[in-house]
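# Residue-level structure breakdown
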Amino acid sequence: MTRLCLGEPSPIEAIPAAAWNALAGDDDPFLRHEFLSALEDTGAVTPETGWVPRHLTLWRGEELVGALPHYLKYHSFGEYVFDWAWAEAWERAGGRYYPKALSAIPFTPVPGSRLLLADDVDPLQARCRLAAAWEEGDVSSWHLLFAEQAEVDAWRQACPTLLPRHGVQFQWRDRGFGDFDGFLATLTSKRRKAIRRERRRVAEQGFTLHRLEGHEIGDEDLAHFFHCYQITYLERGQRGYLGEAFFDRLRRDLPESLLLVQARLEGRRVAAALCLQGPRTLYGRYWGSEVVADSLHFETCYYQGIEHCLTTGRTLFDPGTQGEHKLTRGFAPRRLTSLHHIADPRLRDGVARFCEEESAHVAAYHEAAERALPFRG
């Protein structure tokens, strides 16, 4: 069999879109060539913003048989697995933490595949081949973020020195509810009444909710959404990572992956949440509002998404990061594992101790969250 060859690390535009997408498939919009190229082409992911795209590829002759999103990073923004303390400690000790290597989807803390492989490629051989890129490179570390557990296990088998770090997210799964009332029927009486009260309060304030998919999203709809998206960041004295051109590109190149939830007051758009979706999963991503209103965020970002899943047959709703307010609305905790290659053994020892101590706290938090789920026994 032809030997696997490691390609030259490159931006996404240097990799044929059809070949990349043949490996990525249609299930996860964030792995599509269109999504990654939208990030790079519109200026969100560039050397100027501290992200250097150096995607790794495996070739068998002229055939692309493996691909891994991969970046050199000169900071730790936009990752959602925080290693600022590691960087500060190492640099205070005289080391150099940046640049580091990262395999993740920028600004997107969504679990999914990371390594894309053709069916007939030996996964162990592929991972060992790719590991040379950072083990022999001039970087302090490599970080694999938000990979599915099966992939985490496979990487640990291929590279036993990788350090695991655990975290928790919250996700909603359809348990055969049928419709929203069926979902509510599985909750405790207290939570069922609270959700109905929140939804009723939104209607009493005069809001109407509208779900637009793909080509139903017009220019004015997208412009209003982006205005709301900016408000969310400006309230914290920041600017959003993503520009209006990025969302325009998604609407142009991945329209079937977009769901826009609008809240209107007397017919005027006042709030919006933009989600992405695959055949089985809805991903809540971006939100903003011109108004402050009781329960509007919960309705727009959570309840409308649950209804959309139940209506369209999607079985998983990943609403984004952070948490306890999701827990009480039926989003269950899920443990996630990131992996970290640390080149210098001195830093590696310190990070290993940190991750081990943190893991005990994460396990306790996950257990407590499981007990706090509002489903009836």
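My aim in this report is to walk through the structure given alongside it, one point at a time.

Calculation rules
- Sequence order as written defines residue numbering, which begins from 1 separately in each chain.
- Residue-level local features of this predicted model are given only where pLDDT is at least 70; pairs of side-chain atoms are given and counted only at 80 or more, and the full residue set underlies all totals for whole chains, interfaces and linings.
- Where side-chain values are given, they derive from all heavy atoms of the structure, hydrogens and water being excluded.
- Here a strand is any run of E in DSSP of at least two residues, a helix any run of H or I of at least four, and the numbering for each starts at the N terminus.
- The globule rule used here is 2.2 Å times the number of residues to the 0.38 power, and the radius of gyration it is set against is calculated over C-alpha atoms.
- A 1.4 Å probe rolled over the protein chains alone gives each residue an accessible area, and that area as a share of the maximum for its type sets the label: buried under 20%, exposed over 50%, partly exposed in between.
- Note on definitions: a residue-residue contact is assigned when non-hydrogen atoms from the two residues lie within 4.5 Å.
- To measure how exposed things are, a 1.4 Å probe is used in the Shrake-Rupley method; for residues, cover is taken only from the protein chains shown.
- Neither His nor the chain ends is counted toward charge; the positive residues are Lys and Arg and the negative residues Asp and Glu.
- A charged residue contributes its charge at one atom only: NZ of Lys, CZ of Arg, CG of Asp or CD of Glu.
- Paired rings are identified among Phe, Tyr and Trp, the last through its six-membered ring, by centres lying within 6.5 Å, and are further divided according to the angle between planes into stacked (under 30 degrees), edge-to-face (over 60) and tilted (the rest).
- Criterion for a charge above a ring: Lys NZ or Arg CZ within 6 Å of the ring centre, and within 35 degrees of the ring normal.
- Each helix should span, by expectation, one fewer than its residue count multiplied by 1.5 Å.
- Note on pairing: DSSP must find at least two bridges between two strands before they are called paired.
- Helix axes are fitted only over the stretch in contact, all axes being lines through C-alpha atoms; the angle between N-to-C directions runs from 0 to 180 degrees.
- Of all possible arcs, the one meant is that of the directions from the helix axis to the C-beta atoms.
- A carboxyl oxygen of Asp or Glu within 4 Å of a side-chain nitrogen of Lys or Arg is what we treat as a salt bridge.

## Some thoughts on the overall build of the protein
Counting secondary structure elements, the protein contains twelve helices and 15 strands. Relative to the globule expectation of 21 Å for 377 residues, the C-alpha radius of gyration of the protein, 22 Å, shows essentially globular dimensions. A buried classification covers 55% of the 377 residues belonging to the protein. When contacts within the protein are restricted to residue pairs at least 6 apart in sequence, those whose partners lie at least 24 apart make up 74%. For the protein, the exposed area adds up to about 16900 Å²; of that, 49% sits on carbon and sulfur atoms. For the protein, the centre of its 45 positive side-chain charges and the centre of its 53 negative side-chain charges are spaced 7 Å apart.

## Side note on the packing of aromatic side chains
Enumeration over the complete set of coordinates arrives at 31 aromatic pairs. An angle of 65 degrees between the planes, with centres 4.8 Å apart, marks the rings of Phe77 and Trp84 as edge-to-face. Taking the centre distance of 5.1 Å and the plane angle of 90 degrees together, the rings of Tyr97 and Tyr98 count as edge-to-face. This pair shows no difference in class: Tyr97 is buried, exactly as Tyr98 is. If you follow Lys73 out to its NZ or CZ, it ends over the ring of Trp51, 3.8 Å from the centre.

## Quick word on helix 10 (residues 296-312)
Taking 1.5 Å per residue, 17 residues should reach 24 Å; helix 10 reaches 23 Å between its end C-alpha atoms and fits that length. All buried positions along helix 10 are accounted for by Leu296, Glu299, Thr300, Cys301, Tyr302, Tyr303, Gln304, Gly305, Ile306, His308, Cys309 and Leu310. Backbone geometry just after helix 10 places Gly313 at a positive phi near 85 degrees.

## A look at the sheet that holds strand 12 (residues 268-277)
In spatial order, the strands read 2-5-6-8-15-9-14-13-12-11-10; together these eleven strands make up an open sheet with mixed pairing. For this open sheet the edge positions go to strand 2 (51-53) and strand 10 (207-213), each flanked by a neighbour on one side alone. Direction aside, neighbouring strands of the sheet carry axes that sit 30 degrees apart on average. Where strand 9 (residues 163-173) meets strand 14 (residues 316-318), two bridges bridge the pair, whose relative direction is antiparallel. For Trp172, the partnering residue across the bridge sits in strand 14 and is Phe317.

## A word on helix 7 (residues 189-204)
With 16 residues, helix 7 extends 22 Å between its outermost C-alpha atoms, agreeing within 8% with the 22 Å of an ideal straight helix rising 1.5 Å per residue. Where helix 7 is concerned, the buried positions are Arg191, Arg192, Ala194, Ile195, Glu198, Arg199 and Val202. Angularly, the buried residues of helix 7 cover 165 degrees about the axis, an arc narrow enough to put them on a single face. Among the exposed residues of helix 7, those pointing more than 90 degrees away from its buried face are Lys190, Lys193 and Glu204. On its buried face, helix 7 is in contact with helix 6 (180-185), strand 10 and helix 10. Just beyond helix 7, the residue with positive phi is Gly206, at close to 95 degrees.

## Quick look at the pattern of salt bridges
Tallying each qualifying case throughout the model produces 29 salt bridges. The closest approach of N and O atoms between Arg96 and Asp138, which form a salt bridge, is 2.9 Å. Of this pair, Arg96 sits in the loop between helix 3 (84-92) and strand 6 (100-103) while Asp138 sits in the loop between helix 4 (123-135) and strand 8 (141-144), placing them 42 residues apart in sequence. On the basis of relative accessible area, Arg96 is assigned to the partly exposed category, the value being 44%. Residue class for Asp138 comes out exposed when judged on its relative accessible area of 61%. Glu148 serves as the salt-bridge partner of Arg334, at 2.5 Å between the closest nitrogen and oxygen.

## Quick notes on the environment of Ala18
On the secondary structure map, Ala18 appears in helix 1 (residues 17-24). For Ala18, a relative accessible area of 63% translates into the label exposed. The sequence separation of Ala18 and Gly61 amounts to 43 residues, and the corresponding C-alpha distance is 17 Å.

## Regarding the pairing of strand 12
Counting buried positions along strand 12 gives eight out of ten residues, so the element sits mostly inside the fold. Sheet topology note: the strand 11 (residues 258-265)/strand 12 ladder contains eight bridges and is antiparallel. Bridge pairing in strand 12 links Gln262 to Ala272. Counting the residues in the hairpin turn of strand 11 and strand 12 gives two residues, including Glu266, whose phi is positive at 55 degrees. Direction of pairing for strand 12 relative to strand 13 (residues 281-289): antiparallel, over a ladder of seven bridges. Bridged to Gln277 within strand 13 is Leu282. Here strand 12 folds back onto strand 13 in antiparallel fashion, the turn holding three residues.

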